[in-house]
Amino acid sequence: MKNSKLLFLLFGLLFASATWAQTVVTGTVTDEQNLPLAGATVLVKGTTNGTSTDFDGNFSIEANINSDILEVSYIGFSPLEVTINGQTTLNVQLKEDATQLEDVVVVGYGTQKKSDVTGSIASVKSEDFNQGVVANPGQLLQGKVSGVNITNVSGEPGASQNVIIRGVGSLRSGTAPLYVIDGFVISNNDIGMGSSPLNFINPQDIASMDVLKDASATAIYGARAANGVIMITTKKGQAGKSEINLSVSTAMSSIAKKLDLFTADEFRQQVVAAGGTLDDQGGNTDWQDELTRTGITKNVNLSMSGGVSEKFSYFVSGGVQDQQGIFYNSDLKRYSGRVKLNQKAFDNRLNIDFNLTASKTINERPDIGSTIVDMIQLNPTSPAYDANGNITVLEGASGLILNPLQRNDIYLDEARSNRILANISPSVEIIKGLTYKANLGVDYSLTNRDIQSKPYTLGEGLFAGTLNTISTENSNFLIENTLNYKLESGNHALTLLAGHSYQETKFERKDIDFQGGFANNGIEPRHQDQSSTEVTATTIASTAVIDELQSYFGRLNYAYADKYLFTGTLRADGSSRFGANNKYGYFPSVALGWNIYKENFLEDSNVFSNLKLRASWGQTGNQNGIASKASYASYNDSRSDNDTYPLDGNENTLDDYPYGTIAVRTANPDLKWEVVTQTNIGLDFGFLNGSLTGTLDYFNKVTNDVILFATTPDPVNPTEKYWTNFPDMKVINNGYEVALDYRGSAGEDFTYNIGGNVSFIDNEVEGSIYSVITSGAAQGSGQTDATINGYINGEPIGAFYMKDFIGIGADGRNQFRDLVEDGVSLDNDRFVPGTALPDLLYAFYLNFNYKNFDLGFNFNGVSGNKIFNHTAMSLYNKGQLANNLNTTDFAIQYPSEILTNSNDVSTRYLEDGSFLRLNNASLGYNLDPAVIGLRDLVNNIRFSLTGQNLFTITDYSGYDPEVNTGSEIDQIQTFGIDRFRYPSARTYLFGLNVSF
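Worth saying up front: this structure is predicted, and the values here are computed from it rather than measured.

1. Considerations on the pairing of strand β34 (residues 674-687)
Remember that side chains alternate between the two faces of the sheet whenever the strand is regular.
Phase 1: Counted residue by residue, β34 has 10 buried out of 14 residues, so it is predominantly covered.
Phase 2: Linking β34 to strand β35 (residues 692-704), which pair antiparallel, is a turn of four residues; within it Leu688 sits at a positive phi near 55°.

What follows is the structure, given as structure tokens:
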């Protein structure tokens, strides 16, 4: 009994001492320069009890101060175990681990240490992304990577970006890079939205984006990699760190720049001065104000992540984004969910990754072109509303016209898309060093789009209503099998990759057009019954195509003593898009690297923390922008002209004739890929213990076997055009890229980060058999098909080709420079006054941190390019002003100009497109939860204020110098023409982020 009491007492004392020892340990985690490391993981060894450091590197964790050991880790630094030894306050300093630091670069079919990379790859982490209202990944990267030119097609919510890596290498519209999301190659097919196909990805779920630029990095993707590759890696859970993250934000957007149109009072004077008869309707309306609004964007995201030891990790997220554009009826709503799981078993020899993204996107678009024309040219003396607050019916020279405010109620363009992207990647280590991996995935989307006009009895022939319903279905199936072998022996390190890939993409579209016959009963046309009659005919168009790509690929990486590096890659791609005689293309690359800073003669150097020389050569292909089955003959039925003839003799009209079969595309069994050959020489460097880092690259990129949908040279060919290669034609891009980053501190509480990038790119077309291949042409009455720019031998892509305007002559008409001195102005007087593509890209950033505050600025700009202001050519003329249509003072700069002077394509409308933009600025504050008594419940609270497109320095007179209309001619992409572009917005966002 006494013994039992004694044991009980001893147990109680031990328990009490253990309880007393369990206390709160606080501390700070810094690097070797005593700079705080935010987000470092602090874990009690052998448990799941962990936390992470706040913005100042501080942490707080419950632990047994007599026996526990803390494991402290941070990406890029060697992990450290710290024995508490009775202390309650710890200062932990981590040392950089070059090996671990470089385990963050994602390459095709795997990852590589940065020190082992021989290609040109730029990596951007989530903390460096552009902030604010972001709908798709392209917006995150703008200005972040040297050699990458990202321009918005328009300012509407969710608009596509034109992403060009190291210059345009193709004449066709297929200039977009290849996107790979967590190992799944997505297609660039149109999904029927009218906006970016990448809007389905929630930017909040993206952890990093790696841009593969040279052939050594991209050749592993063969025929689809000529335009570069962007690897998107989503966030994942971390073992021992369970976290819930909630972020909410609200943003307000308004038009960033208004055009300097005539006010109502100025208009009254200028119409008369121009020789017109003033139609003064007594109003004072600023149509730019009336037709734009302050758009409100709301964004809510919730994620849960964590892991059970090293065996299982998870990341689950859901998000809602509701973005209003600055035009009415301009909205983008996205509902997204994501699941990312990783399970390991059998002593980590079996590894299974699972990714699932599901989204629903609703995109509503206004009648952009008509709205912009109206807000520029409508009579400012016309009142928008009558005395009773009702929308007025406007009067023009030809009668009643539709008030654009009324159009907002009548017109609807709404697309609803559901998309699922899922892939599972099991891998197993067969023997030591040899791993087999499968990748099975599907990307499926279904989009229904309705474009309608409600019946309206006044103006512009809308009394019957219209409806166009488009259904688009895309599916993308991927099966990949790879073997990876790693061997390390002494100074030798060898990695071999061999793989097979099969991918099938299917595209289906049905387009039903209903013209008229809708009841004006308050029910939208898309919800009414509609029958086809002779008066209100219904037309149906449908298409379906299947593309297949089968590939075999291999890669060898060899390193000796971590100093001397070699990479060799070969991929064979067989595509259904190409001719029977060229089904397979072969794409090799080789690269060398030299880690100079690891040489003995620099071993004791205090100057270099990194110095690596890279050199590479390789070939990649381009099948983008080419019609499916382009090498095969195609036929259609027709009842037009001579395509049909009577068979039984009883036909009275053409409608009685049978359909005839006509050729629409001639077969070309020799059609093959465009081949891009690229050479790259690069230098990676680091000074001042890694405080100053950077890269310098020179590249030469040549496109051969250029593909065009060209006019056939055979006069008896059954079709006018066909797909063909031009073996003697080349597109050459070469240039330099520089990127610098400097990190420093001033005292313990203030740190800063300054850097930027600059790219010089020369572009030239050689060997074309045409004097000019038109890529941009005028549109509108009396202007259709007049060449604006195109592809010309010895000139860059997008070279403007036009007459040189020198003023107004004595007769009040245009005068052009007579370059061919024959006394008359003819087409042979056209010349190249500039190009749509910039030859200089640059960006720089400034980031400052003081205690719990952070402030960041991101600038970007271009130089050396021109913009053709098609909007000015169409609307800014004296004749329009005399007809009581508004304009700018551009129309009256020549008092002697006559009202009937033509608006010919010329340098009169060509402007400098250079600009410098403050693209992004953000102010943040991290609130320590302990200050408000929530330390036990909340890990971190962050407030942020972000501004986007805050100012732009430019001489361009239009809405925005960042011009790319996204249009094309015969699938040849257009650059640098501004025609009724949706204006850009200036946005202010307030955000709150809380982690638990």
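2. Comments concerning the side chain of Gln973
Phase 1: Inspection of the secondary structure assignment puts Gln973 in strand β52 (residues 972-973).
Phase 2: The class of Gln973 is buried, set by a relative accessible area of 7%.
Phase 3: Within the structure, the side chain of Gln973 is placed 2.9 Å from the side chain of Thr175, a separation counted as a polar contact.

3. Description of the pairing of strand β31 (residues 608-622)
Phase 1: As paired elements, strand β30 (residues 584-595) and β31 share seven bridges and run antiparallel to each other. Bridging from a neighbouring strand, Val590 pairs with Trp617 of β31.
Phase 2: Inspection of the sheet shows β31 paired to β34 by 14 bridges, in the antiparallel sense. The residue bridging Asn622 from the neighbouring strand is Glu674, located in β34.

4. Quick word on the sheet that holds strand β3 (residues 50-52)
Phase 1: Strand order in the open sheet made by the four strands is β3-β2-β5-β6, with antiparallel pairing throughout. Whereas interior strands pair on both sides, the edge strands pair on one side only; in this sheet they are β3 and β6 (80-83). Neighbour to neighbour, the strand axes of the sheet diverge by 20° on average, direction disregarded.
Phase 2: Alignment of strand β2 (residues 41-44) against strand β5 (residues 69-73), held across four bridges, turns out to be antiparallel. By the bridge assignment, Val42 is partnered in β5 with Val72.

5. Focus on helix α5 (residues 264-273)
Note that an α-helix has 3.6 residues per turn; residues three or four places apart therefore point the same way.
Phase 1: Of the positions making up α5, those classed as buried are Ala264, Phe267 and Val271. Taken around the axis of α5, the buried residues stretch over an arc of 45°, which confines them to a single face. α5 presents Asp265, Gln269 and Ala273 as exposed residues on the side facing more than 90 degrees away from its buried surface.
Phase 2: In this structure, the buried residues of α5 make contact with α10 (878-882).
Phase 3: Positioned one or two residues after α5, Gly275 has a phi angle of 95°, which is positive.

6. Points about the packing of aromatic side chains
For any pair of aromatic rings, the description rests on two quantities: the centre-to-centre distance and the angle between the ring planes.
Phase 1: The full count for this structure, using the stated rule, is 24 aromatic pairs.
Phase 2: Ring geometry for Phe587 against Trp673: centres 5.7 Å apart, planes inclined by 75°, an arrangement best described as edge-to-face. In this pair, Phe587 is assigned in strand β30 and Trp673 in the loop between β33 (660-665) and β34, connecting sequence segments 86 residues apart. Exposure class is identical for Phe587 and Trp673. Each is buried.
Phase 3: Taking 5.2 Å as the distance between ring centres and 40° as the angle between the ring planes, the aromatic pair formed by Phe709 and Trp723 counts as tilted. With a gap of 14 residues between them, Phe709 in strand β36 (residues 706-711) and Trp723 in strand β37 (residues 721-726) connect regions that are remote in the sequence.
Phase 4: Phe709 sits in the partly exposed class, given a relative accessible area of 25%.
Phase 5: Clustering of aromatic rings is evident, with ring pairs tying together Tyr742, Phe750, Tyr752 and Phe848.
Phase 6: Over the face of the ring belonging to Phe200 we find Arg419, whose NZ or CZ atom lies 3.9 Å from the ring centre.

7. Overview of a negative patch on the surface
Phase 1: Negative charge collects at one region of the surface, where Asp762, Glu764, Glu766 and Asp839 lie side by side.
Phase 2: Here Glu766 is to be found in strand β39 (residues 750-766).

8. Some points on the confidence of the model for the protein
Phase 1: On average, residues of the protein carry a pLDDT of 87, and 94% of them reach 70 or more.
Phase 2: For the stretch residues 4-20, pLDDT sits under 50, and the model shows one contact to residues farther than four places along the chain or on other chains.

9. As for helix α7 (residues 368-377)
Phase 1: Of all the 10 residues making up α7, eight are buried; the element is thus mostly covered by neighbouring parts of the structure.
Phase 2: Turning to α7, its buried residues are Ile368, Thr371, Ile372, Val373, Asp374, Met375, Ile376 and Gln377.
Phase 3: Against β17 (243-255), α6 (287-290), α8 (404-410), α9 (870-875) and α10 lie the buried residues of α7.

10. Things to note about a nonpolar patch on the surface
Phase 1: On the surface, Tyr850, Phe853, Leu855, Leu923, Phe943, Leu945 and Phe990 cluster together into a nonpolar patch covering about 640 Å² of accessible area.
Phase 2: At the level of elements, β46 (853-863) and β50 (940-954) are the ones that each hand at least two residues to the nonpolar patch.
Phase 3: Note on placement: Leu923 falls in strand β49 (residues 915-927).

11. Things to note about the sheet that holds strand β48 (residues 910-912)
Strand pairing in a sheet relies on backbone hydrogen bonds. The paired strands run either parallel or antiparallel.
Phase 1: With mixed pairing, three strands are arranged side by side in an open sheet as β48-β47-β53. Two strands bound the open sheet, and with one partner strand each, they are β48 and β53 (977-978).
Phase 2: The pairing of strand β47 (residues 866-869) with β48 spans three bridges and is classified as antiparallel. Across the sheet, the residue bridging to Lys866 is Asp912, located in β48.

Quick notes on the rules
- Residues numbered from 1 in each chain as written.
- Predicted model: local features only at pLDDT ≥ 70, side-chain atom pairs only at ≥ 80, totals over all residues.
- Heavy atoms only, no water.
- Buried < 20%, exposed > 50% of the residue type's maximum accessible area, 1.4 Å probe, protein only.
- Helix = DSSP H or I, 4+ residues; strand = E, 2+ residues; numbered from the N terminus.
- Pairing = 2+ DSSP bridges.
- Polar contact = N/O pair within 3.5 Å; in protein donor to acceptor, adjacent residues only side chain to side chain.
- Axes fitted to C-alpha atoms, helices over the stretch in contact; angles between N-to-C directions.
- Arc of directions from axis to C-beta.
- Contact = heavy atoms within 4.5 Å.
- Phe/Tyr/Trp six-rings, centres within 6.5 Å; stacked < 30°, edge-to-face > 60°.
- Lys NZ or Arg CZ within 6 Å of the ring centre and 35° of its normal.
- Patch = residues over 30% accessible without salt bridge, like charges linked within 9 Å, V, L, I, M, F, W, Y side chains within 5 Å.
- Areas by Shrake-Rupley, 256 points an atom, 1.4 Å probe, with all protein chains shown as cover.
- Salt bridge = Lys/Arg side-chain N within 4 Å of Asp/Glu carboxyl O.
- Lys, Arg positive; Asp, Glu negative; His and termini not counted.
- Charge placed at Lys NZ, Arg CZ, Asp CG, Glu CD.
- pLDDT = per-residue confidence, 0-100.

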